[in-house]
Amino acid sequence: MHYPVWDLPFAHGLLIAVIAVIHVFIAHIAVGGGLYLIVTETLARQRQDPVLLAIVQSHSRAFLLLSLVFGAMTGVGIWFTIGLINPTGTSALIHTFVWAWTIEWCFFFMEIVAALVYVYGWDRLSARQHQTVGWIYFIAAWFSLVVINGIISFQLTPGPWLSTRNVFDGFFNPTYWSSMFIRSFWAIGLAGLFGLWTATGREAGSRRIWLQRYSAVWSLVGIAAASLAVLWWWRKIPETARELTRGDMPIATVVTQWTPIAVAVLAVIVILGPLLFPRRSGRPVTLLVLGLGLFCFGLGEWVREGVRKPWIVQDYLYVNGLRADEIDRFREGGILANARWTRSVAATDSLALGRELFRVACQNCHARSGYNGLASRVSGWEPQYTTALIKRIEYLRRPMPPWVGTADEARALALYLHQLPGVPSEVALPADGRAAYERRCSPCHSLGGFRDLGEYIEGMESEEIYEFMEYMESDYMPPFTGSDRERQLLADWLGQNVARTKEVGR
Amino acid sequence: MNGLVPGPDPLGIPGPAWLFESLLHLTFSLHLVLMNFLVGGAVISMIERARAWRSGDEAETAESRRLARWFEKRLPTAFALTVTFGVAPLLFLQTLYGPFFYSSSVVMAWPWLWIIPLLLVTYSLTYVLSWKGQDFGGWQMIQSVKVVGGLLLIAFVISNNMGVGLRPEAWAAKYFANASGLHLNLDDPSFWPRLLHFMVAALGVTGMILAMVGSRRLDREQPDGARWLQLGALWYLLPTAFQIVTGLWWLISLPREVMMPLLGGDRPATIVFMVAMTLPLLSMVTMVFALRARRSFPLVHLSSWLLGLTLVGMVLTRDAVRRNTLAAHFRLQDLEVMPQWSMALAFGGLFVVALGVVGWMTRIYLNGQRD
Ligand code: HEM
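Computed from a predicted model, the values in this text were never measured in an experiment.

About the cut-offs
Every residue gets a number counted from 1 within its own chain, in the order that chain's sequence is written. Here the convention is simple: chains get letters from A, ligands get numbers from 1, in the order in which they are written. The predicted origin of the model limits local features to residues at a pLDDT of at least 70 and limits the giving and counting of side-chain atom pairs to 80 or more, whereas totals for whole chains, interfaces and linings rest on all residues. Think of the side-chain values as coming from all heavy atoms in the structure, minus any hydrogens and water. Numbering of helices and strands runs from the N terminus; a helix is a DSSP stretch of H or I covering at least four residues, while a strand is a stretch of E covering at least two. Only protein chains enter the accessibility calculation, which uses a 1.4 Å probe. A residue is then buried if its area is under 20% of the maximum for its type, exposed if over 50%, and partly exposed in between. When checking whether two residues touch, look at their non-hydrogen atoms; a contact exists if any pair is within 4.5 Å. Areas reported here follow the Shrake-Rupley algorithm with a probe of radius 1.4 Å; residue values treat only the protein chains shown as occluding. Counted charges follow a simple rule, with Lys and Arg positive, Asp and Glu negative, and His plus the chain ends left uncounted. All charge positions are set by atom: Lys at NZ, Arg at CZ, Asp at CG, Glu at CD. Only nitrogen, oxygen and sulfur atoms qualify as donors, provided they sit within 2.8 Å of the metal or within 3.2 Å for Na, K and Ca; with water excluded from the atoms, sites may seem incomplete. Here the bounds of each domain stem from an automatic or database domain assignment. Buried area adds together the accessible area that both of two parts lose upon being put together, with accessible area traced by a 1.4 Å probe. A pair is scored as a salt bridge if a Lys or Arg side-chain nitrogen falls within 4 Å of a carboxyl oxygen belonging to Asp or Glu. A 3.5 Å cut-off defines polar contacts: any pair of N or O atoms within that distance qualifies, except that in protein one atom must be a possible hydrogen donor and the other a possible acceptor, and neighbouring residues in sequence count only when both atoms are side-chain atoms. We call a residue near a molecule or strand whenever a single non-hydrogen atom of that residue lies within 4 Å of it. Only protein atoms enter the 1 Å grid used here. Points where a 1.4 Å probe fits but cannot escape make up a cavity, open sets with protein on both sides within 12 Å along at least five of seven lines make up a pocket, and a residue lines them when an atom lies within 4 Å of a point. Should more than half of a molecule's atoms lie within 2 Å of a pocket's or cavity's grid points, that molecule is taken to sit in it. All amino acids are sorted into three groups, where Ala, Val, Leu, Ile, Met, Phe, Trp, Tyr, Cys and Pro are nonpolar, Asp, Glu, Lys and Arg are charged, and the leftover types, Gly among them, are polar. Known as pLDDT, the predictor's confidence for each residue is given on a scale from 0 to 100. Patch members must show over 30% relative accessible area and no salt bridge, and they are joined within 9 Å when carrying like charges or within 5 Å when they are nonpolar side chains of Val, Leu, Ile, Met, Phe, Trp or Tyr. Grid points are joined across faces, edges and corners, and a volume is the space filled by probe spheres set on the points. Lines fitted to C-alpha atoms define the axes here, with helix axes fitted over just the stretch in contact, and angles between the N-to-C directions of these axes take values from 0 to 180 degrees. For this classification, under 35 degrees means roughly parallel, over 145 means roughly antiparallel, 65 to 115 means roughly perpendicular, and everything else is oblique. Definitions for this section: a left-handed crossing has its near helix turned counterclockwise from the far helix by less than a right angle. A right-handed crossing has that turn clockwise. Here the expected span of a helix is defined as 1.5 Å times the quantity of residues minus one.

Let's shift gears to the overall build of chain A. A count of helical and extended segments in chain A gives 21 helices and two strands. Counting only C-alpha atoms and orienting by the principal axes, one finds that chain A spans roughly 85 × 50 × 40 Å. Residues counted as buried form 60% of the 506 residues belonging to chain A. Of all intrachain contacts in chain A linking residues separated by at least 6 positions in sequence, the fraction that spans at least 24 positions is 73%. For chain A, the exposed surface amounts to about 20600 Å²; the carbon and sulfur share of it is 61%. Averaging the locations of the 44 positively and 41 negatively charged side chains of chain A gives two centres separated by 13 Å.

Have a look at this one:
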């Protein structure tokens, strides 16, 4: 609403997801791997095991490439990407936490230099010096996670900061500690998975079996502890966010159900592979568990990002760059009068108006078509109905910022969406009552769950429901804009089936 | 007034503007020195590599090889540090000039995002060259050229973004013609002189560093001292003399209302600019004398300090250009200050600790016996 919106042919979320998941995955390996390296080096030296020590040395080189080249560069990548996708949000975070970031930078600086000295210093430093540098690396890396965690968890639960604007309130927010434990343990788990990479490689030689078991223990301990921390976190997030994963937001619900399953599968493979049968286990299994680790990580991060929607900072700033305290101002004059970076177009040119509106109000989350595309969503609706829904968009089951435009703007936007390629201009009669329900009521109601329609129409006959639809229009409900046939179909189905569903439910 | 420029962030800045400005200039100066060594080192080692590849003369080839390898082994570390010291000014730039930086980034989103793969590939290549560059065949030559090309492309894109950020009046035409982020700043008359000025500076600064290393080696009677001193001085003097041309070109390409303050309109900015133009002349003369002196190191050292001050002066001048260019849209005084002193103090303390720790690690590394 304040900054230009990048007009991409796909949903912005995809870009962030790819870069962020890769970076965050590697960044956690970089933290946990630091501990893995220094503990294993110490172990090798205590046991006076030169073979193991040589393995650690070769592991550290791969680790350097991974954490400095891929970790640090994709980290810069996230910076660039969030600045492009969400300038207002990035700006809010920077202006609240720039000092936290400078502190993070100090740790990052130490981390980078320590990594270089550690890897290049195997033959140059005394054993003690080398181990000290290893510890410096791990501590600095872990502290950079500690700092960044404050900023990320702030987005979901800014807590008292909302009223105090005190940086410490925002930083040590309600989910700070639980997130920190999740991330720290998960880092250890991933370090174990990455350790398996070396353990199953040529360099592992005679220590292949031992090293696999050893790394498997690391990953299992990390995964188990992180899972416990997730349960704690779960109790700390806002109730509304939890609701999203219980049916309010279908995709978040599915992903949330899948995450524990994927983690369990990962743990089972680690147990059955490297832990119990290391002789049978090799690079393919390692690749599989690393891939699964990345997958679980992606799911977890998806849930965290997903349940925050429609906010970029909960209760302060929406994903489309609208601040909560700006809603009234926007509503008064409409979007185009208040948003910057909109082309001035003639008020009569609805299509051009709609294009501008789509970009500033929706494109932060939606594409025109494809993943999260709107073309397929409005197919099967008539423009009148789409207009009515847009005006009430915050009441949809999906997490969307409130509509702050005028009635004319809603109409222009709907018109624009309906002329997108692939949207049929004629709307056919739904095949049956259920399909009519999907079209007319399910965007906001569910059967048996969130805003349970059965409950609202309790005891109503088809006749009454039919009558009700005549007058259903309200601040939160659209008028019934379908044909009479459709209305009859829907009323019949609701009267006969939804009540029954409810009885079964009791 | 330009309707597009977003207002300053209502959350204000968590410390006085001068503090963030100072940190911006400090970290950006360090970024430039490191970047200069990276770019200059890549170019010089590429040229030496080409000479070793082509030349038939045994002794000459060996000399070129040693010099190329000296740079190549240091490029990955220089890369990591350039990035580290690039992140810091990026932070302060967003704190102070966010509305301009974010807007221009979106206007040229695709090239801007392309920096990331470019960084990944170029950085990896510096490792490849460092670890596998003992041989001087065609394959290594190609890697070396790729590194130089990657670095120049990165600098090209960054300079475009910094340029678009200073031209709010050009945003509408670009963005509304096409909002998919495919623009550059090539229509800005100051674009090419600006980029050229930065890239030629990189050669000069690297020449200076090479001359320093050479004269130190000469002092300690290590091999290659004399040659590196001479070569470094040459790499320093020629590009730096040429900078007078590129600098003047940049100056006259600026709009009048930005150029005039530097030429008397704004007293402090003029003084800084004039000093920053005089110092390199002194530095170059000093370098010439150093080449003739019996013991060169003290004079080379002095010359490098003069160059260092020049660099800081030029960073301040570039900042004055930015302030004057944006004056119609935004002044730093407009930012609301909501200080977080305890956080600032924590940063200050930790910064000192970090310097100490990094210093210690560097020392034990350098003191350790070579492999
Ligand atoms: C590694 C290759 C890099 C090269 C060759 C390079 C080169 C340059 C050049 C030539 C400029 C001056 C641009 C101009 O004003 O026209 C510049 C400025 C800048 N660079 Fe870099 N850079 C590199 C990496 C980075 C990275 C990775 C970052 C950030 C993460 C970064 C952050 C910055 C910032 C913030 C400025 C502008 C500071 C200001 O306007 O005050 N650089 N860089």
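Protein coordination of the iron atom of the ligand is limited to a single donor, His31(B) (NE2), positioned at 2.1 Å. Following the sequence through the fold, His31(B) ends up in helix H1 (residues 17–54).

Attention now goes to the domain arrangement of chain B. A common measure of how large an interface is: the accessible area buried when the components associate. Residues and elements named next belong to chain B. What the domain assignment reports for chain B is domain 1 (14–186) and domain 2 (189–327). The distance between the C-alpha centroids of domain 1 and domain 2 comes to 19 Å. Contacts between the two partners involve 39 residues from domain 1, matched on the other side by 30 residues from domain 2. For the pair domain 1 and domain 2, the two sides together bury roughly 3200 Å², of which 73% comes from carbon and sulfur. Its largest share of buried area at the contact with domain 2, domain 1 owes to Asn-36, Trp-70 and Leu-166, together 18% of the area lost on that side. Applying the counting criterion to the domain 1 and domain 2 interface returns three salt bridges. Elements with a contribution of two residues or more to the side of domain 1 that touches domain 2: H1, helix H2 (58–107) and helix H4 (138–165). Sort the elements by how many residues they give to the side of domain 1 that touches domain 2 and H1 lands first, with 18 residues.

Our focus in this paragraph is the domain arrangement of chain A. Residues and elements named next belong to chain A. Domains assigned within chain A are domain 1 (12–318), domain 2 (324–417) and domain 3 (433–505). One C-alpha centre belongs to domain 1, the other to domain 2; they are set 38 Å apart. At the interface, 15 residues of domain 1 touch eleven residues of domain 2. Overall, the association of domain 1 and domain 2 removes approximately 1100 Å² of surface from exposure, summing both partners, and the carbon and sulfur fraction of that is 60%. Run the count over domain 1 and domain 2 and you get zero salt bridges. Between the two partners, domain 1 and domain 2, sit one residue pair in polar contact (both at pLDDT 80 or more).

Around the ligand lies a shell of 25 residues, among which His31(B), Ser159(B), Arg194(B), Arg318(B) and Arg322(B) are the nearest. Mapping the residues adjacent to the ligand onto the chains of the assembly identifies chains A and B. Residue His31(B) places a side-chain N or O atom 3.0 Å away from a nitrogen atom belonging to the ligand. When atoms are counted within 2 Å of each cavity's grid points, the one that captures over half of the ligand is the largest cavity. Of all elements in the fold, only H1, H2, H4, helix H6 (191–219) and helix H10 (297–326) of chain B reach the threshold of two or more residues within the shell around the ligand. Ranked by residue count, the leading element in the shell around the ligand is H2(B), at seven residues. For the shell around the ligand, the class distribution of residues is 19 nonpolar, three polar and three charged.

A separate point is the confidence of the model for chain A. Here chain A averages 91 in pLDDT, and 98% of its residues register 70 or above. The weakest mean pLDDT in chain A belongs to helix H9 (residues 239–248) of chain A at 76; the strongest belongs to helix H3 (residues 87–120) of chain A at 97.

A few words now on the interface of chain B and chain A. With 74 residues of chain B at the contact, the number on the chain A side is 69 residues. Across the chain B/chain A interface, buried area totals approximately 6900 Å², and carbon plus sulfur atoms make up 78% of it. Between chain B and chain A we count zero salt bridges in total. Applying the counting rule to chain B against chain A returns 14 residue pairs in polar contact (both at pLDDT 80 or more). Broken down by secondary-structure element, the contributors of at least two residues to the side of chain B that touches chain A are H1, H2, helix H3 (109–132), helix H5 (168–177) and helix H11 (341–367) of chain B. Element by element, the count of residues in the side of chain B that touches chain A is highest for H2(B), at 21 residues. Grouping the amino acids of the side of chain B that touches chain A by side-chain chemistry returns 54 nonpolar, 17 polar and three charged.

Let us look at the side chain of Ser178(A). Summarising the element assignment, Ser178(A) is placed in helix H7 (residues 176–199). When neighbours within four sequence positions are excluded, Ser178(A) is seen to be in contact with Ala229(A), Trp232(A), Trp233(A) and Lys236(A).

The next thing to look at is a negative patch on the surface. Residues and elements named next belong to chain A. On the surface, Glu-461, Glu-463, Glu-464 and Glu-467 cluster together to form a negatively charged patch. Secondary-structure assignment places Glu-467 in helix H20 (residues 462–470). According to the relative accessible area criterion, Glu-467 is partly exposed, its value standing at 44%.

What follows deals with empty space enclosed by the protein. Once rolled over the atoms, a probe with the size of a water molecule shows which space is left empty. Under the defined criterion, the tally for this structure stands at nine cavities of 30 Å³ or more. Roughly 690 Å³ of volume is contained in the largest cavity. Put simply, the parts of the chain that give the lining of the largest cavity at least two residues each are helix H2 (50–85) of chain A together with H1, H2, H3, H4, H6 and H10 of chain B. Element by element, the count of residues in the lining of the largest cavity is highest for H2(B), at eight residues. Here the lining of the largest cavity is composed, by residue class, of 25 nonpolar, four polar and three charged. Counting only domains with at least three residues in the lining of the largest cavity, you end up with domain 1 (14–186) and domain 2 (189–327) of chain B. Roughly 150 Å³ of internal volume is contained in the second largest cavity. Lining of the second largest cavity is provided by 15 residues; of these, Leu93(B), Met162(B), Gly165(B), Leu166(B) and Arg322(B) occupy positions nearest its centre. Among the secondary structure elements, those contributing two or more residues to the lining of the second largest cavity are H2, H4 and H10 of chain B.

When two helices pack together, their arrangement is given by the angle between their axes and by how far apart the axes lie. All names here are of chain A. Closest axis-to-axis distance for the helix H16 (residues 383–391)/helix H17 (residues 407–418) pair is 8 Å, and the angle between their directions is 130 degrees. The angle between H16 and H17 falls in the class oblique. In this structure, H16 meets H17 at a crossing whose hand is right-handed. Of the residues in H17, those in contact with Pro-383, Thr-386, Thr-387, Ile-390 and Lys-391 of H16 are Ala-407, Ala-410, Arg-411, Leu-413, Ala-414, Leu-417 and His-418. When the residues that make up the contact of H16 with H17 are grouped by side-chain class, the tally is seven nonpolar, three polar and two charged.

Let us look at H11(B). Quick reminder: α-helices carry 3.6 residues per turn. Residues three or four places apart thus point the same way. If you check H11(B), its first and last C-alpha atoms are 39 Å apart, about what 27 residues at 1.5 Å a residue would give, namely 39 Å. Along H11(B), the positions that sit buried rather than exposed are Met343(B), Ala344(B), Phe347(B), Leu350(B), Ala354(B), Val357(B), Val358(B), Met361(B) and Ile364(B). Contacts from the buried residues of H11(B) go to H3, helix H4 (127–156) and helix H6 (167–171) of chain A together with H1 of chain B.

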